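# Summary of structural features
So the chains spell out like this:
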Amino acid sequence: MSGALPARAQVVVVGGGIVGCSVAYHLAELGWTDVVLLEQGQLSCGTTWHAAGLVGQLRGTESMTGLIRYSTELYARLERETGFGTGWKRCGSVSVARTPERMTQLRRTAAAARSFGVECELISPREAGELWPAMRTDDLVGAVWLPGDGKANPSDLTQALARGAQRRGVQVVERVKVTGFATREGRVSGVRTTRGDIETEVVVNCAGQWAKAVGGLAGVTVPLHSAEHYYIVTERIAGVHPDLPVLRDPDGYTYYKEEVGGLAVGGFEPDAKPWGMDGIPEPFEFQLLKEDWDQFAILMENAIHRVPALEDAGVRMFYNGPESFTPDNMFLLGEAPELRGFFVGAGFNSAGIASAGGAGMALAEWIVNGEPARDLWAADLRRFAPWAGNDTWLHDRVKETLGLHYAMAWPNRELESARPLRRSPVHHLLREAGARFGAKMGWERVNYFGAAAPYTFARPAWEPLVEAEVRACREGVALFDQTSFAKFTLKGRDACEVLSRLCTAEVDVEPGRCVYTGMLNERGGYESDLTVTRVARDEYLLVTGSAQGVRDFDVISRGIGGARAELVDVTGGYAVFGVMGPKSRELLSRVSKADFSAFPFGSSRTVDIGYATVRATRITYVGELGWELYVPAEFAVTVYETLLAAGDVTQAGYYALEAMRLEKGYRAWGRELGPDVTPAEAGLTFACRADGSFRGAAAALDTPARRVVSIVVDDPGVRLWGGERLLADGVPTGYVTSAAYGPTLGRAVALGFAGERVVDTTGGLARGTVQVEVGDSLYSAQVGVKAPYDPTSSRVKA
């Protein structure tokens, strides 16, 4: 796999591990064969070769699960197609629970699997022992069995993918190192290497744990950091055979796989050991790090507990192979916002073998089509901002993220490491008031005020505290710090034209008007939903969700093209305070000379708040009368203190806000809205222009086979957390996307998707009741397209 470098190639893939070879294979399969793959050493020599080769199908979202399912289908056919053995075996997997809490999680896992079309069965400890006879089962509560899971040989898979790509015309060149990139007018235009330059239109950075450094050569942020990852391979053990399922014991942080009659035993310890802080040594091919039995001890102790035969088994090999991990334990995929034509597929968090087939296919589709062909938000590179490339922050974060593989998936679980990072100007005031913080896009945000509470799947101890915050907002006035909103200004003579092309709603409004709108892709799915405020004839203020700021900035920037308009990120320049509730007008009138009685819904203007001048926008995300105040950062503390000093106002957090938005049926991007969801499915056609002159209009209004519906559980003792299955007459019809306890309704309230037996052929609802699967039980629930809570709209629109 050597030879002269071509002077030009349409695509250059950097990195010859399993992911790079998968991307090249799928590009060729889609007809793009003018591709060259560059590997600094030999194929699979970095991380791929020492991977354990586990292929578990289930992931946290339907789209991500779909990618892994595709991987299993690809690996099953690849040997027949290429003639290369892959070691793929559909042996199934068993995951066991030691505690009732873990079993609750596994039940939720099983429900999600069935929702996503993955075969999954809840089994008893006895049945788990029958599938895995060498396992101790007397301390287990239960288990789940996924018969479609499997294992493969990582190096053989890589060679098979490379051979398949080469047969279609892809050139694979080993022993060549990338040293830089050429750019032209914001696009990548060439690759510099130790053996010459290649002119190109597209670069795909699949360099594994080198991907951050490779991205840095192009000015692209790739937020990943290496950490040591361990497993041992034992001598032969009686009863271990090639068809033995993969075993996972998450309470013991460990996994087990048959390996030549013995066991490969590894895991994900809760306090990991980062590596490569001073760079990766050169060369680093087919190399391992020194054995670290002290770090491995917690895994070994748990392994002997679960499989007693390990106590006497000989160890053939100790693998300490560094792998790259990301800040949230999901891989990185997509086109870099900093440089057009520069794509990334990296940071696979020790799950690269399972993910590579689907990820390579999805990234190839993105390259060929110019946009993703499916919802890839969970893995989208644009979920991180440039600040996430800080090495010190990454070092401290990956110590925690490695262990997330087997950590309890508690509702509302917050990462604890590398915090705080981004803070509102009033953070100190919130902390002094007893705020309990979560984090979103690096921002510290108030979840609720009051005592800390343990995680639980049952009724949480913070629920009464949140109920009080909701009651204050529904009956009086509440104050929310929403500074984490992403905020942009779009200014220029073509600003209105640009937004009219991108936005579903009419944005050519008079200055001082605020509009809720979507932005769609060509498939009619949501790229974002946001508010657009026209502040002048040639200027707009755009406000979008905290998590999607980088993505939205990228989408809008692309939409500008050659138009005369400039987009500027002003997120850090403004604090945002939500003043919400039926008495919000009274509060604001006590601190301002502005006339809030003559302030229609959807209007926006500058007003005085005490000594400061701010922008006030009449809008609500809680279903009550309210305003959002956009405050220059230097005035934020003064304004917040002025509002508190006015009296009769309750500080509230995002748990309360979430409960109220669900009671009112307001959708959230990333949950109810996403690239695969159309306005017709979401019930948001009211925010679409009738003339259909916006991007994606052709598909946006098609009659849907599924709908976003509001869900209210009849039993007030049930708690939902999202991901639960919905059934109609015992037939699966959808799943819950967002859920909370609704204090105003006195029961669990949610949003979710419903389809078969609920949505009729016209896109309307054929019934008003479903069953929600919670654990092993079904509970009746009411569903509808109208909000469960509606204060007759008079308080909101007055």
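Numbers given to residues run from 1 along each chain, matching the order in which its sequence is written. In view of the model being predicted, local features appear only for residues whose pLDDT reaches at least 70, and side-chain atom pairs are presented and counted only at 80 or more, with totals across whole chains, interfaces and linings using the full set of residues. Values shown for side chains rest on all heavy atoms present in the structure; no hydrogens or waters enter the calculation.

Strands are runs of DSSP state E lasting at least two residues, helices are runs of H or I lasting at least four, and both sets are numbered from the N terminus onward. Looking only at helices and strands, the chain has 19 helices and 37 strands in total. Taken over C-alpha atoms, the radius of gyration comes to 27 Å for the chain, in line with the 28 Å a tight globule of 798 residues would show. For the chain, the spread of C-alpha atoms along the three principal axes comes to 80 × 65 × 55 Å. The buried label goes to any residue with under 20% of its type's maximum accessible area, the exposed label to any with over 50%, and the partly exposed label to all in between, with areas taken from a 1.4 Å probe on protein chains only. Within the span of the chain, comprising 798 residues, buried residues form 61% of the whole. Sequence separation of 24 or more characterises 72% of the internal contacts of the chain that already satisfy a separation of 6 or more. Each accessible area is a Shrake-Rupley result for a 1.4 Å probe, and residues are judged covered by the shown protein chains and nothing else. Surface accessibility of the chain: about 29,000 Å² in total, with carbon and sulfur atoms responsible for 49%. As a reference, a globule follows 2.2 Å times the number of residues to the power 0.38, and the radius of gyration itself is taken over C-alpha atoms. The contact criterion used throughout is that any non-hydrogen atoms of two residues lie within 4.5 Å.

Before going further, it helps to examine the packing of helix α2 (residues 62-82) against helix α5 (residues 154-167). Comment: axis = line fitted to C-alpha atoms, over the contacting stretch for helices; angle = value between 0 and 180 degrees taken between N-to-C directions. Two numbers describe how α2 lies on α5: the axes approach to 10 Å, and their chain directions differ by 55°. Relative to α5, the element α2 lies oblique. For the pair α2 and α5, the crossing hand works out as left-handed. The residues of α5 that touch α2, namely those facing Leu74, Tyr75, Leu78, Glu81 and Thr82, are Leu157, Ala160, Leu161, Arg163, Gly164 and Arg167. Along the lines of polarity and charge, the residues of the contact of α2 with α5 split into 6 nonpolar, 2 polar and 3 charged. We call two directions roughly parallel when the angle between them is under 35 degrees, roughly antiparallel when it is over 145, roughly perpendicular when it lies between 65 and 115, and oblique otherwise. If you view the pair so one helix is near and one far, a crossing is left-handed when the near helix is turned anticlockwise from the far one by less than a right angle, and right-handed when it is turned clockwise. All amino acids are sorted into three groups, where Ala, Val, Leu, Ile, Met, Phe, Trp, Tyr, Cys and Pro are nonpolar, Asp, Glu, Lys and Arg are charged, and the leftover types, Gly among them, are polar.

For the rest of this paragraph, the subject is the packing of α2 against helix α8 (residues 352-369). The geometry of α2 relative to α8 is characterised by a closest axis approach of 7 Å and an angle of 100° between their N-to-C directions. Relative to α8, the element α2 lies roughly perpendicular. Note on element contacts: α8 touches α2 through Ile353, Ala354, Ser355, Ala356, Gly357, Gly358, Met361 and Ala362, opposite Leu67, Ile68, Tyr70, Ser71, Leu74 and Tyr75. Looking at the contact of α2 with α8, its residues break down into 10 nonpolar, 4 polar and no charged.

Moving on, we come to the environment of Val307. Relative to the helices and strands, Val307 resides in the loop between α7 (293-306) and β16 (315-325). Residue Val307 is classed as buried on the basis of its relative accessible area, which comes to 0%. Apart from residues no more than four positions distant in its own chain, Val307 is found in contact with Trp132, Ala134, Tyr256 and Leu263.

Below, the discussion takes up helix α16 (residues 654-663). Of all 10 residues that make up α16, 10 are buried, and the element is covered over most of its length. Contacts made by the buried residues of α16 are with β20 (443-449), α11 (463-475), β21 (478-481), β34 (731-742) and β35 (747-754). Note on α16: the residue one or two positions beyond its end, Gly665, has a positive phi of about 75°.

The criterion for an aromatic pair is that two Phe, Tyr or Trp rings (for Trp, the six-membered ring) have centres within 6.5 Å, with stacked assigned to planes under 30 degrees apart, edge-to-face to planes over 60 apart and tilted to the rest. Summed over all chains, the structure comprises 32 aromatic pairs. Plain terms: the ring middles of Trp410 and Tyr455 are 6.5 Å apart, the flat faces sit at 15° to each other, and that makes the pair stacked. Of the two residues, Trp410 is situated in the loop between α9 (391-401) and α10 (427-432) and Tyr455 in the loop between β20 and α11; the sequence distance between them amounts to 45 residues. In this structure Tyr455 comes out as partly exposed when scored by relative accessible area, which is 35%. The interplanar angle of 75° and the centroid separation of 5.3 Å between the aromatic rings of Phe488 and Phe553 together place this pair among those described as edge-to-face. One end of the pair, Phe488, is in strand β22 (residues 486-491); the other, Phe553, is in helix α13 (residues 549-560), and 65 residues separate them in sequence. By the ring-pair criterion, three or more aromatic residues cluster together here, those being Trp49, Tyr231, Phe286 and Tyr319. Working rule: Lys NZ or Arg CZ, within 6 Å of ring centre, within 35 degrees of ring normal, means a charge sits over the ring. Above the ring of Tyr654, the side-chain terminus of Arg445 is found at 3.7 Å from the ring centroid. Arg605 extends its terminal NZ or CZ atom over the ring of Phe599, reaching a point 4.0 Å from the ring centre.

Note that the residue after Glu282, namely Pro283, is joined by a cis bond; omega there is -10°. With respect to the secondary-structure elements, Pro283 resides in the loop between β15 (262-267) and α7. Here the residue pair Arg419 and Pro420 is connected by a cis peptide bond, since its omega of -5° sits within 30 degrees of zero. Within the secondary structure layout, Pro420 lies in the loop between α9 and α10. Positive phi is not limited to glycine here, since Ser350 has a value of about 65°.

Turning our attention to the sheet that holds strand β4 (residues 93-97). Strand pairing in a sheet relies on backbone hydrogen bonds, with the paired strands running either antiparallel or parallel. At least two DSSP bridges between two strands are required for those strands to pair. If you trace the 8 strands from one edge of the open sheet to the other, you get β5-β6-β4-β13-β14-β15-β12-β16, paired in mixed fashion. The open sheet has two edge strands, β5 (121-123) and β16, and neither has a second partner. On average, each strand axis in the sheet is inclined to that of its neighbour by 20°, with strand direction left out of account.

What follows covers the sheet that holds strand β26 (residues 566-569). Sheet architecture is open: 5 strands sit in the order β23-β24-β25-β22-β26, paired in antiparallel fashion. Unpaired on one side and paired on the other, β23 (513-520) and β26 mark the two borders of the sheet. Each strand of the sheet is rotated relative to its neighbour by a mean of 25°, with strand direction disregarded. Examined bridge by bridge, strand β24 (residues 526-536) and strand β25 (residues 539-544) share 5 bridges and lie antiparallel to one another. Bridge pairing links Thr531 to Val543 in β25.

A few words now on the side chain of Arg689. Tracing the chain through its elements places Arg689 in the loop between α17 (679-682) and α18 (697-700). Setting aside residues no more than four positions away along its own chain, Arg689 makes contact with Ser500, Cys503, Thr504, Ala505, Glu506 and Phe694.

Turning our eyes to something else, we now look at the confidence of the model for the chain. Per residue, pLDDT captures the predictor's confidence, and it can take any value from 0 to 100. Considering every residue of the chain, the mean pLDDT works out to 96; 99% of them sit at 70 or more. Scored below 50 in pLDDT, residues 793-798 shows 19 contacts in the model against residues more than four places distant or in partner chains.

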